[in-house]
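Summary of structural features
So the chains spell out like this:
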Amino acid sequence: MGTYEMTWDLDSIFHGGSDSNELKEYVRKTERLMDDLEASIRTFTPPKNTDQTEKLNQIVEITQVVSKRLSEFGAFVSCLSAQNVQDRKANMWQSKRSELGARLGNALTEMDQVLVQIDDDVWKSLLNQAPFQAISFVLNERRSLAKDKLEVGKESLINDLGVDGYHAWGQMYDALVAKLSIEMNGEKLSVGQASNQLDDPDRSVRKEAFDKLQETWGEASDLFTETLNHLSGFRLQTYKHRRWENVLKEPLDYNRMSQRTLDAMWETITKYKKHYVPYMKKKAEKLGIERLSFYDVEAPLGEANQKMSFQEGAAFIIQQFRKFSPKMADFAEMAFEKRWIEAEDRPGKQPGGFCTSFPDSGETRIFMTYSGSPSSVATLAHELGHAYHQHVMDELPELNQGYAMNVAETASTFAEMIVADAAVKEAASEAEKLVLLEDKVQRSVAFFMNIHARFLFETRFYEERKQGVVSTERLNELMTEAQQEAYVQTLDEYDPTFWASKLHFHITDVPFYNFPYTFGYLFSMGIYAKAIEVGPAFEEQYIALLQDTGRMTVEDLAKKHLDVDLEKQDFWVHALDLCLSDLESFMDLV
Ligand SMILES: [Zn+2]
């Protein structure tokens with residue numbers, strides 16, 4: 001093992017950053033291909049029999065090339081902006097990327113409408129033909145989703161009106177939030193900065209931040225009542241015209257999962273909540289209070305002071321990965337060697353972390369700021385998990401590489417779990433171990449209680465919104481009730497304005513940005529349990545599972561690779577038992 005550099009190499013993809021001539025040429029060529037695609041779709045008529053599939057084949061081919069090139073371009077631009085937030089040229093590239101993305105989206109919507117017109121029998125035999133067989137799931141999905149929508153003219157009217165209607169309410173929300181500020185210790189903080197104080201070890205700091213945030217959100221909440229009611233009103237009106245009764249139809253379709261799976265998951269979680277009640281009591285005791293409040297749930301119990309240099313962190317990750325999968329370990333080693341990771345701590349970088357893939361080059365890049373703490377080692381492992389997921393999909397047709405949010409976190413959570421578990425086992429002291437374990441338990445509480453509250457609130461809010469506008473008071477009430485239920489009445493104070501402060505309720509790209517998190521977490525728990533049970537032979541099974549994430553429903557994925565039925569509680573029971581074992585270790589130690 002050599003010494004790994006902490007900065008990434010972007011030049012090997014396009015030389016010269018945001019001034020790159022290679023990039024310019026690449027985008028120019030992509031635009032020409034886009035013109036070709038649009039022209040082909042314009043003259044596309046539904047094939048009458050399976051001998052007339054040449055045109056469809058040609059469209060599918062160019063679609064895959066264009067979408068691959070747009071991902072490559074988009075990934076490069078997000079890396080440029082992330083490494084230097086001042087890079088103005090990167091922003092200009094960003095708008096170019098959005099423009100091309102919208103063009104592709106419109107072209108494909110048009111294509112889908114032609115697919116709908118193909119006779120069912122022709123369609124079935126067509127999907128069994130060589131060029132389409134491999135991507136039949138995705139093609140079929142596009143066709144049946146298009147069938148559930150309105151005719152093309154109406155859908156494009158909705159899309160066009162949505163720019164200044166639906167999506168505009170989401171943007172209005174962002175603009176209003178950016179104007180909010182909070183005074184703390186004579187300093188003016190943004191709401192984001194003030195929210196960071198909610199993790200402070202000192203309870204009085206947390207309490208002050210919480211109270212001031214409540215006050216600020218409370219004062220502004222009438223504005224957010226407007227934006228949220230209009231945004232959801234637009235969504236419901238669209239659903240009504242499409243004759244969609246269930247507000248969960250869109251998110252469930254998007255996540256390729258059934259309502260029965262979702263119900264089985266929440267029902268099992270609800271049964272398991274009682275096990276977390278003693279933990280909440282214990283945590284309150286450790287913090288020296290009677291009962292936890294909303295702002296205490298994620299408070300740290302102490303500091304894990306075990307630090308690892310970047311080299312140590314890299315070596316630790318590679319070593320732990322190797323115990324589960326030599327291929328995953330080799331991949332991580334290569335990513336460090338080839339400088340696919342930007343981890344340096346320096347000013348001017350974007351906060352947070354991500355992994356992005358370059359499907360045309362078959363590479364990935366990871367972005368984060370490495371601090372040496374156990375959580376930054378875990379983040380690095382998490383992002384490497386994402387990168388590995390992409391790596392095993394590199395050889396697949398582009399259309400089969402798209403996976404939804406609920407399975408997107410599978411490989412990352414799995415990788416993170418391997419490293420977090422090893423860190424607990426190798427903790428230097430009992431106190432250290434306690435902090436690391438508590439971190440794991442806290443994650444479960446977030447997925448089972450916090451995310452559940454969001455889901456309960458959102459479902460009930462949308463039902464009431466169908467009857468008319470929902471007032472601020474009622475929104476606060478719905479939120480508090482959802483939290484009381486989700487946290488099984490364990491808390492002293494709740495967060496009534498959470499519906500206003502949490503961005504996820506105001507996002508228009510993906511509705512119900514909550515339950516996929518919990519699904520992804522428990523799904524990877526189930527995989528982790530299987531990996532421990534099967535041992536070294538699991539490596540190939542794991543790769544096969546990841547490769548199927550873009551071409552089947554989650555129920556089929558679980559049935560095929562884990563031999564379990566997600567619509568039954570057994571699988572969820574198994575995954576939750578694994579979470580309980582951390583909880584028990586924590587309770588024993590405390
Ligand atoms: Zn992730």
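Residues numbered from 1 in each chain as written. Predicted model: local features only at pLDDT ≥ 70, side-chain atom pairs only at ≥ 80, totals over all residues. Heavy atoms only, no water.

Quick word on helix α20 (residues 472-486)
- With 15 residues, α20 should reach 21 Å at 1.5 Å per residue; the first-to-last C-alpha distance of 21 Å fits that figure.
- Structurally, α20 contributes buried residues whose contacts are with α10 (203-241), α19 (430-467) and α21 (498-501). (Helix = DSSP H or I, 4+ residues; strand = E, 2+ residues; numbered from the N terminus. Expected span 1.5 Å × (residues − 1). Contact = heavy atoms within 4.5 Å.)

Topic: the coordination of the zinc ion
- Distances from the zinc ion to its protein donors, H382 (NE2), H386 (NE2), E409 (OE) and E409 (OE), fall within 2.2 to 2.6 Å.
- Classification of the site at the zinc ion rests on its four donor atoms, whose angles at the metal span 52 to 137°, yielding the label irregular.
- Donor residues for the zinc ion, ordered by position in the chain, follow H-x3-H-x22-E. Note that H386 is positioned in helix α16 (residues 374-393) and E409 in the loop between α17 (405-408) and α18 (410-425), a separation of 23 residues in sequence.
- Accessibility expressed as a relative area gives 14% for H386, which makes it buried.
- We classify E409 as partly exposed; its relative accessible area is 27%. (Donors = N, O, S within 2.8 Å, 3.2 Å for Na, K, Ca; no water. Tetrahedral: all angles 85-135°; square planar, octahedral: opposite > 155°, others 65-115°. Buried < 20%, exposed > 50% of the residue type's maximum accessible area, 1.4 Å probe, protein only.)

Topic: the side chain of T508
- With respect to the helices and strands, T508 occurs in the loop between α21 and α22 (515-534).
- We classify T508 as buried; its relative accessible area is 12%.
- In terms of polar contacts, T508 uses its side chain to reach the side chain of H167, at 2.7 Å. (Polar contact = N/O pair within 3.5 Å; in protein donor to acceptor, adjacent residues only side chain to side chain.)

Comments concerning the pattern of salt bridges
- Inspection of the entire model under this criterion finds 40 salt bridges.
- Between R551 and D548 there is a salt bridge whose closest N-O contact spans 2.5 Å.
- Measuring nitrogen to oxygen at the nearest pair gives 3.3 Å for the salt bridge that ties D565 to K568.
- Look at D565 and you get partly exposed, because its relative accessible area is 32%. (Salt bridge = Lys/Arg side-chain N within 4 Å of Asp/Glu carboxyl O.)

Points about the packing of aromatic side chains
- Evaluation of the coordinates by the stated rule reveals 39 aromatic pairs.
- Ring centres of F455 and F515 lie 6.0 Å apart, and the angle between their planes is 85°; on these two criteria the pair is classed as edge-to-face. Here the residue F455 occupies a position in helix α19, and F515 occupies one in helix α22, the gap between them amounting to 60 residues. Of the two residues, F455 and F515, both sit in the buried class.
- Grouped by ring-pair contacts, the aromatic residues W266, F294, F455, F457, F461, Y462, Y487, F498, F505, F512 and F515 constitute a single cluster.
- Its end group placed over the ring of Y26, R69 keeps NZ or CZ at 4.0 Å from the ring centre.
- Sitting above the plane of the W244 ring, R242 keeps its charged end 4.7 Å from the centroid. (Phe/Tyr/Trp six-rings, centres within 6.5 Å; stacked < 30°, edge-to-face > 60°. Lys NZ or Arg CZ within 6 Å of the ring centre and 35° of its normal.)

What about the nonpolar core?
- Core analysis: the largest hydrophobic core is formed by 137 residues, its most contacted members being F321 and L522.
- If you tally residues by element for this core, the top one is α19, at 15 residues.
- Once residues lying within four places of it in the same chain are set aside, the contact partners of L522 are M265, I269, F448, F571, W572, A575, L576 and C579.
- Counting residues in hydrophobic clusters, the runner-up holds 47 residues, among them F44, L56, I118 and F132. (Core = buried A, V, L, I, M, F, W, Y, C linked by side-chain atoms within 4.5 Å.)

Brief notes about the side chain of H504
- Summarising the element assignment, H504 is placed in the loop between α21 and α22.
- Polar side-chain contacts of H504 include one of 3.4 Å to the side chain of Y517.
- The residues touching H504, leaving out its near neighbours within four places in the chain, are R454, Y513 and Y517.

Section: the sheet that holds strand β4 (residues 354-358)
- As summarised here, the arrangement of the three strands in space is β3-β5-β4, forming an open sheet in which the pairing is mixed. Edge positions in the sheet fall to β3 (341-342) and β4, since each of these pairs with one other strand and no more.
- In this structure, β3 lies alongside strand β5 (residues 363-367), joined through two bridges in parallel fashion. By the bridge assignment for β5, I341 is matched with I366. (Pairing = 2+ DSSP bridges.)

Quick word on the domain arrangement of the chain
- When the domains of the chain are assigned, the result is domain 1 (17-151), domain 2 (160-304 + 432-514), domain 3 (310-431) and domain 4 (526-582).
- Just the C-alpha atoms count here: the centres of domain 3 and domain 4 sit 20 Å apart.
- Contacts between domain 3 and domain 4 engage 22 residues on the former and 16 residues on the latter.
- Counting each side, the surface lost to burial between domain 3 and domain 4 is near 1,700 Å², with a carbon and sulfur contribution of 65%.
- Contact with domain 4 buries surface across domain 3, with F324, V392 and F414 losing the most and accounting together for 29% of the total.
- Between E540 and K327 there is a salt bridge; the shortest N-O distance is 2.6 Å.
- Linking domain 3 with domain 4 are six residue pairs in polar contact (both at pLDDT 80 or more).
- Only α15 (326-337), α16, α17 and α18 provide two or more residues apiece to the side of domain 3 that touches domain 4.
- Here the side of domain 3 that touches domain 4 gets six residues from one element, more than from any other, and that element is α18.
- Taken together, the residues of the side of domain 3 that touches domain 4 break down into 14 nonpolar, six polar and two charged. (Domains from an automatic or database assignment. Buried area = accessible area lost by both parts, 1.4 Å probe. Nonpolar A, V, L, I, M, F, W, Y, C, P; charged D, E, K, R; others polar.)

Some details on the pairing of β5
- Burial analysis of β5 places five of its five residues in the buried class, the great majority of the element.
- Examined bridge by bridge, β4 and β5 share five bridges and lie antiparallel to one another. The partner of T356 across the bridge, within β5, is R365.
- Between β4 and β5, which pair antiparallel one after the other, the connecting turn spans four residues, and G362 there sits at a positive phi close to 70°.

A look at the environment of E303
- For E303, the position within the fold is in the loop between α13 (277-286) and α14 (310-324).
- Residue classification places E303 among the exposed residues on the basis of a relative accessible area of 69%.
- Between the alpha carbons of E303 and V435 there is a distance of 6.8 Å; along the sequence they are 132 residues apart.

Considering the pairing of strand β2 (residues 187-190)
- Strand direction decides the pairing type here: strand β1 (residues 181-184) and β2, joined by four bridges, are antiparallel. Bridged to I182 within β2 is L189.
- Connecting β1 to the antiparallel partner β2 that follows it, the hairpin turn spans two residues, and N185 within it adopts a positive phi of roughly 50°.

Notes on the packing of helix α1 (residues 21-42) against helix α2 (residues 54-83)
- Where α1 contacts α2, the two axes come as close as 9 Å, and the packing angle between them is 150°. Between α1 and α2, the angle is such that the two are roughly antiparallel. Helix-helix and strand crossings are classified by hand; for α1 and α2 the assignment is left-handed. From α1, L23, Y26, V27, K29, T30, L33, M34, D36, L37, S40 and I41 reach across to α2, where they touch K55, Q58, I59, I62, T63, V65, V66, R69, L70, E72, F73 and F76.
- Its residues assigned to classes, the contact of α1 with α2 comprises 14 nonpolar, four polar and five charged. (Axes fitted to C-alpha atoms, helices over the stretch in contact; angles between N-to-C directions. Parallel < 35°, antiparallel > 145°, perpendicular 65-115°, else oblique. Left-handed = near helix turned anticlockwise from the far one by under 90°.)

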